[in-house]
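# A structural walkthrough
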Amino acid sequence: MNRFEEMLDNVRASQPLVHCITNYVTVNDCANILLACGASPIMADDEAEVEDIISICSALDINIGTLNGRTVSSMLKAGAKARSLDRPVILDPVGAGASQLRTSTAIRLVSEIAPDVIRGNISEIKTLADGCGNTNGVDADIRDSISEENLAESVDFMKSLSGKLNAVIAVTGAIDIVADNEKAYVIRNGHQMLSRITGSGCMLSALTTAFCAANPASLAEASAAAVAMMGLCGELAHEKTLECGGGTGSFRAYLIDEASLMDGSKLEGGMKIEIR
Amino acid sequence: MNRFEEMLDNVRASQPLVHCITNYVTVNDCANILLACGASPIMADDEAEVEDIISICSALDINIGTLNGRTVSSMLKAGAKARSLDRPVILDPVGAGASQLRTSTAIRLVSEIAPDVIRGNISEIKTLADGCGNTNGVDADIRDSISEENLAESVDFMKSLSGKLNAVIAVTGAIDIVADNEKAYVIRNGHQMLSRITGSGCMLSALTTAFCAANPASLAEASAAAVAMMGLCGELAHEKTLECGGGTGSFRAYLIDEASLMDGSKLEGGMKIEIR
Amino acid sequence: MNRFEEMLDNVRASQPLVHCITNYVTVNDCANILLACGASPIMADDEAEVEDIISICSALDINIGTLNGRTVSSMLKAGAKARSLDRPVILDPVGAGASQLRTSTAIRLVSEIAPDVIRGNISEIKTLADGCGNTNGVDADIRDSISEENLAESVDFMKSLSGKLNAVIAVTGAIDIVADNEKAYVIRNGHQMLSRITGSGCMLSALTTAFCAANPASLAEASAAAVAMMGLCGELAHEKTLECGGGTGSFRAYLIDEASLMDGSKLEGGMKIEIR
């Protein structure tokens, strides 16, 4: 399993510039998690500059939280340029299913940009699969959640969806699955406190983008390593929060702490990845 | 006084989805305080999706900090839809009085949407009352502040304003008042350190929205409970900041900690609410 | 060297209102550092209100991170009004050199507004000097960095650029230089951990604006004091981070802590300013 831990080392060694077009709610957290893992963020969403910016960056993170007409055009333009330059594109379809705008934009981005990786919760991913879905705001609908009971079925679904969309699918929740059309990584890291702060998902998508930027030949493995790292950071941050008698505000700071303090061997020791 | 503490329990039990159209300065804090109290935030400000979003949410928080032409239209549209669906609407008129745009937008929102609760500092509230006011930027003008000396007069003013605007008025400062046209809750929780971080007021408005979402039949009491909870969290966060030798950066994290660790009995034990 | 430490006291005594037109990535950090140093922030970027807002403020901070067509117009309008009212204007040309939009906007702002202080990293400052440059995203290009070896040459360059642009130049990195056309302050405070969080530069520009607002007759000295204070806060925050076994998330909170706990004598004792 050496390859997973090396992927973080590759991020720290190459310090990739990551172009983010993301929402204004969690953008600061995304920038800080990118810096914590060794990458360098640049946030730019104006149509007049996104082509210049992606041209100097190694990968593109598109996140549709708080999207608007202006930024949708920028996402499409940046995505097309990234494709032409062969840069990995990661899509986070935040809230797909919660509004017609989000659903149609997510579907359009998948269709026009063909992202390399799609990272979302199960409701968002099912919305993309179905063209419609049961999304409870920006959180996953509980009826959709992946459990040990439906895991085999969920793994098959994600592999099949990966083949259909020609993208690595990373779906996160109590159990995480990262799948391409041939194999799936089932990841059991994480802590439920991650769902009690905003930005866990957005930060993971940013982290995944950094891992893909530094490991462009192994996008599924890079995505799985990012998912395991985020989960492990959540576990460690939760332990520290308990020790200090803290709550979700401290947890948020500790989460970024753990990302900045993570290294390959700690990651290897803590990650719980099963291949199916 | 059982009803106040039950209001937090109701938030935790019902986990209401709260739609926020808010400023980009403190939006992350608003999302985190909503999660900390047990609610679920969704930030969405594009005119094309606000009607969809409020339709799946239990209440609407409109905050005019960093407003612009695009978001004002969205606020009006979301507000109208919320009204038609009978969802509580909370208005935070940030900086009303500081610019013609903010003053006229705040007045227009009050007139066209008829929010259920208006939460601001005394300068902002007086601006709404007068159609003009003495606002010192986004902070309250010191000449306006509520003190023990002018408390009776201030309580009468707020009750009367509540009747005039047909809204619960929540005015916060050294002493807080939450009034409808018949009664007022005078709340003496809080700590001045709350004024040394950005977002205390915005977070309180978001928290108030969550409390109103979960307690729609008792908006004045729900608002008073939210105000007391925020003040109490400020007191506890200040104590922890002192213990740790921290400053305002730590205080900010501890404030959200305390909100996430709060429960009904702690709230009941710590709140200082007087009915007038 | 008394004058430097008095400058912080002047901020705390006068509590200047500072108008920021800044990016949505680090805007919360900018607001919190302004409050921590004793100033009062107001973020406002709509063309319809920027003239009103700067009229009630003591200084203007223009930061071009995440600029877009709408905000560029607001920057020009606010800048012109600030000039007519004789308010200090500070420009942070974030990412100048990284895209044509940022480069041309930065050059246009310098030419049309004639800011009093320009605060950036060496790549951004050289971009302004050259009309083109080697910028590595929003971080400085390592080939450009100021070292003890090229310090004399760098000091001369900054003095000359200051004369050419008629602005105080504050360039920050491993060694910081604040120069007008006659003298330069070489500042050796700081810690490399400042470059591992987002917002260090933006926060420094905001802090510089507060110092200029409170010390309008001594803009170069005010800027140097702000640069030294930010560096010293970084040193102290790093020490605390080490003590607590924290990472970059804790460092970020401690940095704002230290700004809120700083006073004139602590600043005088810790700052490392050399005049050349």
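Residues numbered from 1 in each chain as written. Chains lettered and ligands numbered in written order. Predicted model: local features only at pLDDT ≥ 70, side-chain atom pairs only at ≥ 80, totals over all residues. Heavy atoms only, no water.

### Quick look at the overall build of chain A
A count of helices and strands for chain A gives 11 helices and 9 strands. Whereas a compact globule of 276 residues would reach a radius of gyration of roughly 19 Å, chain A reaches 17 Å, a difference of no more than 12%. Here the C-alpha coordinates of chain A stretch approximately 45 × 40 × 35 Å along the principal axes. Burial statistics for chain A: of 276 residues in total, 67% are counted as buried. Within the structure as shown, chain A displays about 8800 Å² of accessible surface, and the carbon and sulfur contribution to it stands at 48%. Where the 22 positive side-chain charges of chain A centre and where its 36 negative ones centre are 2 Å apart. (Helix = DSSP H or I, 4+ residues; strand = E, 2+ residues; numbered from the N terminus. Rg over C-alpha atoms; globule rule 2.2 N^0.38 Å. Buried < 20%, exposed > 50% of the residue type's maximum accessible area, 1.4 Å probe, protein only. Areas by Shrake-Rupley, 256 points an atom, 1.4 Å probe, with all protein chains shown as cover. Lys, Arg positive; Asp, Glu negative; His and termini not counted. Charge placed at Lys NZ, Arg CZ, Asp CG, Glu CD.)

### Section: the interface of chain C and chain A
How big an interface is tends to be stated in terms of the accessible area lost upon association of its parts. Taken together, the contact pairs 29 residues of chain C with 31 residues of chain A. Around 2200 Å² of area is buried between chain C and chain A when both sides are counted, 48% of it from carbon and sulfur atoms. When the buried surface of chain C facing chain A is broken down by residue, C:Tyr24, C:Val25 and C:Arg196 rank first, second and third, together holding 25% of it. Counting residues per element, the side of chain C that touches chain A draws most heavily on helix H10 (residues 248-261) of chain C, which supplies 4 residues. Split into classes, the residues belonging to the side of chain C that touches chain A amount to 8 nonpolar, 16 polar and 5 charged. (Contact = heavy atoms within 4.5 Å. Buried area = accessible area lost by both parts, 1.4 Å probe. Nonpolar A, V, L, I, M, F, W, Y, C, P; charged D, E, K, R; others polar.)

### Points about the interface of chain A and chain B
Between chain A and chain B, the contact holds 29 residues from the first and 31 residues from the second. The contact between chain A and chain B buries some 2300 Å² in all, and 48% of this surface belongs to carbon and sulfur atoms. Between B:Glu49 and A:Arg102 there is a salt bridge; the shortest N-O distance is 2.8 Å. Connecting chain A to chain B are 17 residue pairs in polar contact (both at pLDDT 80 or more). Here the element with the most residues in the side of chain A that touches chain B is helix H10 (residues 248-261) of chain A; it accounts for 4 residues. Taken together, the residues of the side of chain A that touches chain B break down into 8 nonpolar, 16 polar and 5 charged. (Salt bridge = Lys/Arg side-chain N within 4 Å of Asp/Glu carboxyl O. Polar contact = N/O pair within 3.5 Å; in protein donor to acceptor, adjacent residues only side chain to side chain.)

### A closer look at the packing of helix H8 (residues 200-214) of chain A against helix H9 (residues 219-244) of chain A
Residue and element names in this part refer to chain A. For the pair H8 and H9, interaxial distance at closest approach is 8 Å and the crossing angle is 140°. The angle between H8 and H9 places the two elements in the oblique class. Where H8 crosses over H9, the two elements pack in a sense that is right-handed. Together, Ser200, Met203, Leu204, Leu207, Thr208, Phe211 and Cys212 of H8 and Leu219, Ala222, Ser223, Ala225, Ala226, Val227, Met229 and Met230 of H9 make up the contact between the two elements. In terms of residue class, the contact of H8 with H9 is built from 12 nonpolar, 3 polar and no charged. (Axes fitted to C-alpha atoms, helices over the stretch in contact; angles between N-to-C directions. Parallel < 35°, antiparallel > 145°, perpendicular 65-115°, else oblique. Left-handed = near helix turned anticlockwise from the far one by under 90°.)

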